[in-house]
Amino acid sequence: MLDCCPLPHGDSRGLRLGTAAVTTQGMGEGEMATIAALLAGVLRGRVDTRRARDEVRDLVGGFPPYPG
């Protein structure tokens, strides 16, 4: 069974995504908007998964988890 969360109105359920990992790496609202747009684009079939993967790699590359 897929673990999902109830949405605020009606009987719909959805996937809950946390932000702890990205905020810990120093990302902010701008990066979250980019992540949301990529995720929505892939789920709606508007963004090629390979392109999204490349964009995610570029984005994450600017925010190393353990900066030296």
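In this text the structure is predicted, and so the values were computed from the model without any measurement.

Caption draft 1: Up close: helix α2 (residues 29–43). Relative to the 21 Å expected for 15 residues at 1.5 Å per residue, α2 spans 21 Å between its end C-alpha atoms, a close match to the ideal helical length. Note on α2: the residue one or two positions beyond its end, Gly45, has a positive phi of about 75°.

Caption draft 2: Quick peek at the environment of Arg16. Assignment of secondary structure puts Arg16 in the loop between β2 (13–14) and α1 (20–24). Its relative accessible area of 68% is what places Arg16 among the exposed residues. With 12 residues separating them along the chain, Arg16 and Cys4 place their C-alpha atoms 6.8 Å apart.

Caption draft 3: Here's a closer look at the environment of Arg44. Position of Arg44 among the secondary structure elements: in the loop between α2 and α3 (49–61). As a C-alpha pair, Arg44 and Thr23 span 21 residues in sequence and 26 Å in three-dimensional space.

Caption draft 4: Seen up close, a nonpolar patch on the surface. Judged by side-chain polarity, Leu15, Leu17, Leu39 and Leu43 come together as a nonpolar surface patch covering roughly 450 Å² of accessible area. Its place among the elements puts Leu17 in the loop between β2 and α1. For Leu17, a relative accessible area of 53% translates into the label exposed.

Caption draft 5: Summary view of the confidence of the model for the protein chain. Averaged over all residues, the pLDDT of the protein chain is 86; the fraction at 70 or higher stands at 93%. In the model of the protein chain, strand β1 (residues 5–6) stands out as the element of lowest mean pLDDT, 76, in contrast to α3, which has the highest, 94.

Caption draft 6: Main features of the pattern of salt bridges. With the rule as written, the count across this model stands at one salt bridge. The salt bridge involving Glu55 is made with Arg51; its shortest N-O contact spans 2.7 Å. Pair noted here: Glu55 and Arg51 are both in helix α3, with a separation of four residues, about one helical turn. In this structure Glu55 comes out as partly exposed when scored by relative accessible area, which is 29%.

What counts, and where the lines are drawn
Residues numbered from 1 in each chain as written. Predicted model: local features only at pLDDT ≥ 70, side-chain atom pairs only at ≥ 80, totals over all residues. Heavy atoms only, no water. Helix = DSSP H or I, 4+ residues; strand = E, 2+ residues; numbered from the N terminus. Expected span 1.5 Å × (residues − 1). Buried < 20%, exposed > 50% of the residue type's maximum accessible area, 1.4 Å probe, protein only. Patch = residues over 30% accessible without salt bridge, like charges linked within 9 Å, V, L, I, M, F, W, Y side chains within 5 Å. Areas by Shrake-Rupley, 256 points an atom, 1.4 Å probe, with all protein chains shown as cover. Salt bridge = Lys/Arg side-chain N within 4 Å of Asp/Glu carboxyl O. pLDDT = per-residue confidence, 0-100.

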